[in-house]
Amino acid sequence: MKKILLIIAVIVLSGCEKSSQNLGCLVTLNVSIPGHEAPVSITADQSLEGTMFRNINSLENYDIPVITGGTAQLQVLKGIYMIAFDADAVFADGSRLRVRSAEYNSPEKAVRLTDGNCTVTLKLIVLQ
Amino acid sequence: MKRVIISLLALGFAACAYCQDSLQLQIFNRLQPIMARTFTPSYTDVALLHTPWLQSTTVEAKYDWRNENQAEIQELGNGLSQGRFLANSLKHLGQGRAVEGSVSYLRGVKKNVYMNTSSDWELLQPYVIADTVGGNLQTEQYTFAGRYAGRIGSWEYGFYGSYRALHEYRQTDPRPRNISSDLGVRASAGRSLGSHSISVSVAYRRYHQLQAVSFMNPRGANTSEFHLTGLGTHYARLAGSGSFTNLRFRGKGFSVAALFLPKAASGFSAGVQYDWFKSTRHLPNQNEVPYSELLTQTASAFAAYRKVLDKFSYGAVLSLEYELREGSEAILPSIISSGVEDIPYLTLYRSKLPQARLEGVLQLRAGKAVWSLEPMVAAYSSEARRLDSGKKAKTDDVSYGLTAGWTAMLGKATTQLKFYAGKRAISLSALAHFPAGRMSAFIRPSAGYHTWGSGLHGWTGNIGAGIEF
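Residues numbered from 1 in each chain as written. Chains lettered and ligands numbered in written order. Predicted model: local features only at pLDDT ≥ 70, side-chain atom pairs only at ≥ 80, totals over all residues. Heavy atoms only, no water.

Asker: Run through the pattern of salt bridges, naming residues and quoting values.
Answerer: Any two side chains of opposite charge can pair, given that their charged atoms come close. Residues and elements named next belong to chain B. Here the structure, examined in full by the defined rule, presents 28 salt bridges over all chains. Glu288 is the partner of Arg248 in a salt bridge, and the nearest nitrogen-oxygen pair spans 2.7 Å. Residue Arg248 is located in strand β11 (residues 246-262), and its partner Glu288 is located in the loop between β12 (267-283) and β13 (289-307); the two are separated by 40 residues in the primary sequence. Among the residues examined, Arg248 registers a relative accessible area of 15% and is labelled buried. Given the relative accessible area of 22%, Glu288 is considered partly exposed. Taking the shortest distance from any N to any O, the salt bridge between Glu374 and Lys418 comes out at 3.0 Å. Of this pair, Glu374 sits in strand β16 (residues 369-386) while Lys418 is found in strand β18 (residues 413-422), placing the two residues 44 residues apart along the sequence. Accessibility expressed as a relative area gives 4% for Glu374, which makes it buried. Through salt bridges with shared partners, one network takes in Asp45, Glu100, Arg147 and Arg186. (Salt bridge = Lys/Arg side-chain N within 4 Å of Asp/Glu carboxyl O. Helix = DSSP H or I, 4+ residues; strand = E, 2+ residues; numbered from the N terminus. Buried < 20%, exposed > 50% of the residue type's maximum accessible area, 1.4 Å probe, protein only.)

And the structure:
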C-alpha cells in the first residue's frame, strides 16, 4: 500500500523539478617563472598552512596538483578562490628552485572561477 | 443549502427528541466524526457558503504542553509550554452571503531548542542560522484572519485575508530576537453546477523575518552562529559571533487551487493545489546582500467521498502531497557588501518529500449516541541531497492508526470521548459542552504518548475551555 501510494504521488506531482546545472569549473593553471625556462614539474608543499586553493565562502580546500610542463588542471566547484603555495620547481637539467605563488593569497585578491572552463595564469617568484 | 440543512436535521433526529436547544443540536451534529472530519481542505473560499453551520462563535482559552526525553526534532526543542487564546466567528448573512473571522494570541516557551536560532524553521529549513548551545526560546504570536463569500446567481466568489506576527527571543546567550510577519490574501471564484460547486482560487503571500543574535556575557561569546546550508554544511565564511549574526528573510509566494464540492452533506469532493514560495536570506549590515535562496514548491491533491445516512454513515479521503525544496547559494564576492547585484547562484541543495494519506470514517448512531471508527494509513519518503558533495539523507516511513469515538447527548450536555491507538502513538481526548443560558460552555482535555525509537518518547497534553454561542 505504501509503495503504491508513494508511486502515485511521485508520478502525479513531480513535474516541477529543475533540470540539472553545471556546478563545476575546470581550472587550467598556467605557471611561469619570470627569467627561467619552463620547469619540468612544480610540486606544491601541502604541509604548509599557507598552501591553499580555497573557496572563500565555504572555505573548502582543494589539493593543488603537480604542475607538469607549466600547466595543470583541476575540477572545482564554481566560486571565488584564494590560491597560494610554496613549491619545489624541478628543471630539465635537474636543478631545483623554491618558488612561491602569492598573487591570489587573500580574499581581496581572490580569483573568480564561475565559468565552466577557467584559465588562471600564475607568475611564481623565486625564493632565496 | 436547503439540502445541507435537511441532511443535518436528519442526522440529528435522535437529538431533537431530547434537546430543545438548537445550539446544542448544532454542536452535537458538528461533532459527529462524519461531519467533523475535514473532507474538504480550504483550497478556496466559496466552500464557506457550503458549511452546514449557519452561525457559530467560539471563544476559547487553551494550554498546550509537550515533553520529550530527547527531542524528536531538535530544531523545535524537546518541550513546549504555551497558552493560547482563540476566537472564531462564522455567520451566514442570508441571500447567499457568509462571513468568518478569527483571531488568536499565543504566549509560551519552547524548551531546549538546539541547532536552530531562526523562527519559522519548518518554512525556512534548512537555510536558517544555528548554534551548538541553544536553550529555551520565548515565543509570542498573534494571528488575524477574515473571510467573506457570496453568490450572484449561479456564480460564487470569496475573499480571504490573514496576518500573523511572531516574536521569539531568549534572555541568555546566545540571544536571538526574531520578528516575523506573514501576510496572505486569496480570491476565489466558482460556479454552482447542479448538486456540486466548482471553484478556483489564487493566493499571494508575503513573508518577512528580521533576526538579530547578540552575546552579552562580558567574557565573550559562548558559541558561533552558523549559516546553515543543509545536511551539516554551512557558509563557513559567515560563521562567528560578530559581523554576520543579523539577518533578514524575505519571502513571497503564490498558490493556485481548484475545488469540486458537493452542496449536500453526502457526495464526492476533490481538489488540487499548487504552492510556490521563495525566501531569500540577506545580511542587513552588509548592504542587504542576499546570499541564499530557498524555493519550495508543493503540489497537493485530495479525493473524498462521504455518505451521510440516518443510522450508518461513512466516508474516506485520499490525500497526496509532493514537496520539492531547492536551495541556491550565492557566490559572494571578496567584499561582501559590494555584491548586491549580479551575484551568481548555484543550486546546491534539493529535497523531495512525497506523502500519501488515506483516512476513513465509519459511524453508527444508536439512540442518543454516535459510535465511530476512524482508520488511517499514511506514508512518506524523504530525500535530501547536497548536489556539490553528494551528501544524502533518506528516510521513509509508513504509519497507521485507529481512532474509536463516542459522541452522545447526556441530558442537554454534549459529550465526546476519543481514543487513538496507532503505530508508535496513543492518545485520549474528551470534550464536554454544557448549556449555560443562551450559550454553551465547554472544556476539552487531551493527552497523548508517542515514541520514535528505542528509549525515545514524549508526552503531549492540552486543555481548552471556552464558550460558544
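Asker: For the confidence of the model for chain A, give the residues involved together with the corresponding values.
Answerer: Chain-level statistics for chain A give a pLDDT mean of 86 and a share of 84% at 70 or above. Here residues 8-16 of chain A scores under 50 on pLDDT; set against residues more than four positions off or in separate chains, the count is 15 contacts. (pLDDT = per-residue confidence, 0-100. Contact = heavy atoms within 4.5 Å.)

Asker: Could you give an account of the sheet that holds strand β10 (residues 233-234) of chain B, naming the residues involved and the relevant values?
Answerer: Residues and elements named next belong to chain B. If you trace the three strands from one edge of the open sheet to the other, you get β4-β9-β10, paired in antiparallel fashion. Each edge of the open sheet carries a strand with a single partner, namely β4 (129-130) and β10. Looking at chain direction, strand β9 (residues 226-230) and β10 are connected through two bridges and run antiparallel. Of the residues in β10, the one forming a bridge with Gly230 is Thr233. (Pairing = 2+ DSSP bridges.)

Asker: Account for the side chain of B:His282, naming residues and giving values.
Answerer: Residues and elements named next belong to chain B. When you line up the elements, His282 lands in strand β12. Of the residues examined, His282 reaches a relative accessible area of 10% and is grouped as buried. Within the structure, His282 has its side chain in polar contact with the backbone oxygen of Glu288 (distance 3.0 Å). Beyond its immediate sequence surroundings of up to four residues, His282 is in contact with Asn246, Leu247, Arg248, Arg250, Glu288, Val289, Pro290 and Tyr291. (Polar contact = N/O pair within 3.5 Å; in protein donor to acceptor, adjacent residues only side chain to side chain.)

Asker: Run through the interface of chain B and chain A, naming residues and quoting values.
Answerer: Counting residues at the interface gives 36 residues for chain B, matched by 26 residues for chain A. Buried area between chain B and chain A, summed over both chains or domains, comes out near 2700 Å², and the portion from carbon and sulfur atoms is 69%. For the pair chain B and chain A, the interface holds four residue pairs in polar contact (both at pLDDT 80 or more). No other element matches the nine residues that strand β15 (residues 345-366) of chain B contributes to the side of chain B that touches chain A. Taken together, the residues of the side of chain B that touches chain A sort by class into 21 nonpolar, six polar and nine charged. (Buried area = accessible area lost by both parts, 1.4 Å probe. Nonpolar A, V, L, I, M, F, W, Y, C, P; charged D, E, K, R; others polar.)

Asker: Explain the environment of A:Leu77 to me, using residue names and the numbers behind them.
Answerer: One can find A:Leu77 in strand β5 (residues 71-77). Residue A:Leu77 is classed as buried on the basis of its relative accessible area of 13%. If near-sequence neighbours (up to four positions away) are discounted, A:Leu77 is found in contact with A:Leu23, A:Tyr62, B:Leu346, B:Leu348 and B:Asp388.

Asker: A description of the pairing of strand β7 (residues 96-104) of chain A should follow, citing residues and the corresponding values.
Answerer: Taken residue by residue, a regular strand's side chains alternate between the two faces of the sheet. Residues and elements named next belong to chain A. Relative to β7, strand β6 (residues 79-90) runs antiparallel, the two being bridged by seven bridges. Each bridged residue has a counterpart across the sheet, and for Asp88 the counterpart in β7 is Arg98. Pairing between β7 and strand β10 (residues 125-126): two bridges, direction antiparallel. Each bridged residue has a counterpart across the sheet, and for Val99 the counterpart in β10 is Val126.

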